Amino acid sequence: VGSTLEVRELFYATPARRKFLKTDATELAHCVEAVRRHALARPDVGFAIWHDGRLVEQWRSAAGNDPDLQRLADVLGDEFVAQSVGVDHQGGPVRVRGRAGIPDAARSRPDQQFFYVNGRFVRDKVLAHAARSAYEDVLHGHRQPVYALYLEIDPARVDVNVHPTKIEVRFRDGREVHQAVRHAIENALAAPRAGEAAAPAAMPFFKPAASSPAPWTQPAMHFAAERGVGDAAAMWPGRRADPAPLLLSVPAASLPANDSAWPLGRAIAQLQGIYVLAENSQGLVIVDMHAAHERIVYERLKSQLDGAAITSQPLLIPATFAASPQEVATAETCAAVLNTLGLEITPFSPRTLAVRAVPGTLAEGDPVELARSVLAELAQHDASTVVQRAQNELLSTMACHGAVRANRRLTLDEMNALLRQMEATERSDQCNHGRPTWRQVSIRDLDGLFLRGR
Ligand SMILES: [Zn+2]
């Protein structure tokens, strides 16, 4: 059943082309890659690649309740599926489905980036750019995200005949496609993954896992408890009802009634003034407190600025500082931009600036330090476009100043407030620079360290 495609004596009729072939291994790799692309498009078809009488790759036709997921796991590995989130988004006339890798799954090379348009693999600048911008806010340095995304679009809106191999396409409206892809990925990545795993229906918290965990959740986020109800309850004998949200000026999200709904667990200690340690049903959670809080403040500033302007809070006593002529000039020319950013900085004397108001979210930071770094950044840009073009960099700088500093001693209540805010904040699994904000160390990992149960 099916077709067998046999390639031999390629370029027999045009021997000149043969000179351009590379080594057998290289050419074979190209062939496998070509078949891989087809395999990802058609999970219902089985593929087998033979080379010199040897079976190189084989993917059986995928059945079961999610053949697409099965084929992705077969071709790209279980890791790809475990470390990615589902995408299903309708943006205008474009539907985008598939999977987008979480930032942690990013690689040094762009070798797991697949786009399909109406079932055919394509390489396209618009699509690649849309994906890159969707990851901009959560990816560290030059890391390459992984994804397999399938676009469905009215064939009349895309020209597939722009390249002899049909690997390139031209969209009638590139913008709508760019937007659809970008939003599809952004939405899929935005939800904090600690929160997602806590959904009661998906993850029974204190019940032993009945079946294997859902394959589309990140392994670190499986909160299906391996320990029983009694065990878990015994861990927290004196649970307090309602830790007050004390951390800086950011109000905590509404707290659930019982802590079993807390994916990031209950704070137990602070380590070296840098890390917060917490205990959840899986074991130990380690949080980089500055990085995590920085993201919370950043997201808050972003949403305030989306609204119109950042809410500012006047200082009871203006903070004055000796300023350079450049700083004074920037404060004057950029007064309107500064206002939008929730800052009021006015000349006090020809050589002195006064900070009169700061964003409410950053009220506990050092106003002078904040003013200086924002002025320095504004000086590099054209004042009229800075809020549009450099908005996120600016807010990121401000968030760094407003976030809790290393070596600041936190109370347990403050630590718990931080954990709850993380669970409620979009993109909180990565800091503003794309580094992770928290890690799970499971009891199994710990048992391994102590050779327990061997
Ligand atoms: Zn920082």
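These numbers were taken from a predicted model, which means no experiment stands behind them.

> Mind laying out helix H5 (residues 125-135), listing which residues take part and the relevant values?
Where H5 is concerned, the buried positions are Leu127, Ala130, Ala131, Ser133, Ala134 and Tyr135. As for H5, its buried residues are in contact with strand S4 (94-101), strand S5 (113-117), strand S6 (120-122), strand S7 (147-152), strand S9 (170-171) and helix H6 (174-190). One side-chain oxygen of the residue at the start of H5 lies 3.0 Å from the amide nitrogen of Val126, identifying that residue as Asp124.

> Go over the packing of helix H9 (residues 289-307) against helix H15 (residues 412-424) with me, naming the residues and quoting the values.
Relative orientation of the contacting elements H9 and H15 amounts to 50°, with a least axis distance of 10 Å. Classed by the angle they form, the pair H9 and H15 counts as oblique. Pair H9 / H15 crosses with left-handed handedness. Counted together, Met289, Ala292, His293 and Ile296 of H9 and Leu418, Gln421 and Met422 of H15 form the full contact between these two elements. For the contact of H9 with H15, a count of residues per class yields 5 nonpolar, 2 polar and no charged.

> Mind laying out the environment of Val87, listing which residues take part and the relevant values?
Within the fold, Val87 resides in strand S3 (residues 84-91). The class for Val87 is buried, based on a relative accessible area of 5%. C-alpha of Val87 to C-alpha of Glu186: the two residues are 99 residues apart in sequence and 9.5 Å apart in space. In contact with Val87, other than residues within four places in its own chain, are Val96, Arg97, Gly98, Arg99, Ala100, Leu149, Ala184 and Ala188.

> Describe the pattern of salt bridges, naming the residues involved and giving the relevant values.
Enumeration according to the criterion identifies 22 salt bridges in this entry. For the salt bridge of Asp111 with Arg107, the shortest nitrogen-to-oxygen distance reads 2.8 Å. Classification of Arg107 as partly exposed rests on a relative accessible area of 31%. In this structure, Arg157 engages Glu176 in a salt bridge whose closest nitrogen and oxygen atoms are separated by 2.8 Å. Of the two residues, Arg157 is situated in the loop between S7 and strand S8 (158-159) and Glu176 in helix H6; the sequence distance between them amounts to 19 residues. What makes Arg157 partly exposed here is its relative accessible area of 21%. What you see here is one network of salt bridges that share partners, running through Asp137, Arg295, Glu299, Lys302, Glu426 and Arg427.

> Tell me about unusual backbone geometry, and name the residues and values.
Positioned with a positive phi, Asn118 is a non-glycine residue whose angle comes to about 50°. Its location among the elements puts Asn118 in the loop between S5 and S6. With a phi close to 60°, Arg427 is a non-glycine residue in the positive phi region. Turning to its location among the elements, Arg427 is positioned in the loop between H15 and strand S16 (438-442). Classification of Arg427 by relative accessible area gives buried; the value is 16%.

> Residue-level account of the environment of Asn161, with values.
Checked against the element boundaries, Asn161 lands in the loop between S8 and S9. Overall, the relative accessible area of 54% leaves Asn161 in the exposed class. A distance of 2.7 Å separates polar atoms of two side chains, one belonging to Asn161 and the other to Lys166.

> Help me get a handle on the coordination of the zinc ion, residues and values and all.
Within the protein, the atoms that donate to the zinc ion are His290 (NE2), Glu294 (OE) and Cys400 (SG), at distances of 1.8 to 2.3 Å. Motif for the zinc ion, donor spacing along one chain: H-x3-E-x105-C. With Glu294 in helix H9 and Cys400 in helix H14 (residues 391-402), this pair connects stretches of sequence that are 106 residues apart. When its relative accessible area of 3% is taken as the criterion, Glu294 is described as buried. Overall, the relative accessible area of 27% leaves Cys400 in the partly exposed class.

Procedures and definitions
- Position numbers for residues count from 1 along each chain, tracking the sequence in the order it is written.
- Since the coordinates come from a predicted model, pLDDT governs what is reported: local features require at least 70, and pairs of side-chain atoms require 80 or more to be given and counted, while whole-chain, interface and lining totals use all residues.
- In computing side-chain properties, one takes all heavy atoms of the structure into account and sets aside hydrogens as well as water.
- Partly exposed describes any residue whose relative accessible area lies between the buried limit of under 20% and the exposed limit of over 50%, with all areas from a 1.4 Å probe on protein chains only and scaled to the type maximum.
- In this description a helix means any DSSP run of H or I spanning at least four residues, a strand means any run of E spanning at least two, and both kinds are numbered starting from the N terminus.
- Residue contacts are defined here by distance: any two heavy atoms, one from each residue, within 4.5 Å place the two residues in contact.
- We call two N or O atoms a polar contact when they sit within 3.5 Å, provided that within protein one can donate a hydrogen and the other can accept it, with sequence-adjacent residues counted only if both atoms are side-chain atoms.
- Between N-to-C directions, angles span 0 to 180 degrees; the directions come from axes that are lines fitted to C-alpha atoms, helices contributing only their stretch in contact.
- For classification purposes, an angle smaller than 35 degrees is called roughly parallel, one larger than 145 roughly antiparallel, one from 65 to 115 roughly perpendicular, and anything else oblique.
- Each crossing gets its handedness from the near helix: less than a right angle anticlockwise from the far helix is left-handed, clockwise is right-handed.
- Gly counts as polar in this scheme, as do all residues outside two lists: the nonpolar Ala, Val, Leu, Ile, Met, Phe, Trp, Tyr, Cys and Pro, and the charged Asp, Glu, Lys and Arg.
- For salt bridges, the criterion is a side-chain nitrogen of Lys or Arg within 4 Å of an Asp or Glu carboxyl oxygen.
- In this analysis a donor is any N, O or S atom within 2.8 Å of a metal ion (3.2 Å for sodium, potassium and calcium), and since water is not included, sites may seem incomplete.

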